Amino acid sequence: MTMMGIHYSFTILALVVSAQGQTDLAVQIGEDATLPCTGVTYDGLSQSWDKDSTTLVAIQTPLGGTTPSPPFYYENDIAAAGLTGRFTANGDLTTVTITDVVEGDDGAYRCSSGSASYTLQLTSYKLQSVAIQPAGPVTGYVGDAFEATCTADSKPAASFNWTYQGDSSFMETGATLRINELKSTDNGTYVCTAYHQYATSTASVQLSVKPASSKPGLSPGAIAGIVVGSLAGAGLIGVAVYFAVKKSECSKGLDKY
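Residues numbered from 1 in each chain as written. Predicted model: local features only at pLDDT ≥ 70, side-chain atom pairs only at ≥ 80, totals over all residues. Heavy atoms only, no water.

*Asks:* Break down the overall build of the protein for me, with residues and values.
*Replies:* Of the regular secondary structure elements, the protein holds two helices and 18 strands. Split into buried and exposed, the 257 residues of the protein put 32% on the buried side. As displayed, the protein offers around 15,000 Å² of accessible surface, 56% of which is attributable to carbon and sulfur atoms. (Helix = DSSP H or I, 4+ residues; strand = E, 2+ residues; numbered from the N terminus. Buried < 20%, exposed > 50% of the residue type's maximum accessible area, 1.4 Å probe, protein only. Areas by Shrake-Rupley, 256 points an atom, 1.4 Å probe, with all protein chains shown as cover.)

*Asks:* Mind laying out the side chain of Asn161, listing which residues take part and the relevant values?
*Replies:* Assignment of secondary structure puts Asn161 in strand β14 (residues 159-164). Residue classification places Asn161 among the buried positions, given a relative accessible area of 14%. In this view, Asn161 contacts Met171, Glu172, Thr173, Val191, Cys192, Thr193 and Tyr195; residues no more than four positions away in its chain are not counted. (Contact = heavy atoms within 4.5 Å.)

*Asks:* Go over the sheet that holds strand β4 (residues 33-36) with me, naming the residues and quoting the values.
*Replies:* With respect to topology, three strands assemble into an open sheet ordered β4-β9-β8, the strand pairing being antiparallel. What marks the edges here is a single partner per strand, and that holds for β4 and β8 (87-89). Strand-to-strand, the axes of this sheet are offset by a mean angle of 20°, without reference to chain direction. Strand direction decides the pairing type here: β8 and strand β9 (residues 95-98), joined by three bridges, are antiparallel. When the sheet's bridge partners are listed, Phe87 is paired in β9 with Ile98. (Pairing = 2+ DSSP bridges. Axes fitted to C-alpha atoms, helices over the stretch in contact; angles between N-to-C directions.)

*Asks:* So what about the nonpolar core? Which residues, and what values?
*Replies:* Judged by nonpolar contacts, the single largest core of 24 residues is most densely connected at Ala33, Leu35, Trp49, Leu83, Phe87, Ile98 and Tyr109. Elements represented by at least two residues in this core include exactly β4, β6 (54-60), β8, β9, β10 (107-113) and β11 (116-133). Among the elements that make up this core, the one with the highest residue count is β11 (four residues). Apart from residues lying up to four places away in sequence, Ala33 is in contact with Val27, Val96, Thr97, Ile98, Val101 and Leu122. In terms of nonpolar packing, the next biggest core, distinct from the first, is built from 22 residues, Tyr164, Leu177, Ala203 and Val209 among them. (Core = buried A, V, L, I, M, F, W, Y, C linked by side-chain atoms within 4.5 Å.)

*Asks:* Now, about unusual backbone geometry: what can you tell me, with residues and values included?
*Replies:* Look at the link from Gly136 to Pro137: it is a cis peptide, with omega at 0°. At the junction of Lys155 and Pro156, the peptide bond is cis and its omega measures out at -5° in the coordinates. Relative to the assigned elements, Pro156 resides in the loop between β13 (146-155) and β14. Phi is positive for Ser53, close to 75°, though the residue is something other than glycine. The residue Ser53 is located in the loop between β5 (46-51) and β6 in this model. Taking the relative accessible area as the measure of exposure, Ser53 reaches 67% and is therefore exposed. For Leu93, which is not glycine, the phi torsion reads 60° and is therefore positive.

The values are spatial; any link to function lies outside them.
Take a look at the structure:
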């Protein structure tokens, strides 16, 4: 490749690279990630960054030269990694930046020069949209069961626990909270905590427990309507039976003649 009248060769020699360090780097999805080339010094010949053993960018000192070339980006490999327009390196490759991190950016990013290398294992994460169903406020009745389920849009998968405001001894684990038989003392606010090793988020639901005697039922008017309807139905059935019997008696009378 020729740049500004100078010929650069970007043939990367096959080297046996000894790993000198590795760091786990967790970045929230949508944020930017800056990856440092920690502990690796340019050996005067070449330096590169790769993802999962595929080279993304490199610098190299031209034959007979004393300073390295500007960074050369392997655009096809960058595109294959889903990093087009989001991957940049500074001039000496001491850092690279990935903007607007997405799930597909997960992987091992290695900076290497000569026999030295440094690897960052990038993990993207998210924990959002924590919600409870039913959303509340919820009304329950003494003696009835109560159930609420907590969900979250999460990577990695979230774990859940439940607490009760005002009672530090209350703790339930799992996405679903169930109380088999409500008591008046169950009245209050229940908090779901969604969490994984990188983040924590919460949601809450207000439960109001009322006496069983106040549980909604049929109104007096509705009950009267049902009674009237039942009586009317019974009357119609009686009339139908009466005419059927009369018809039968008439038929028997005619048979005598």
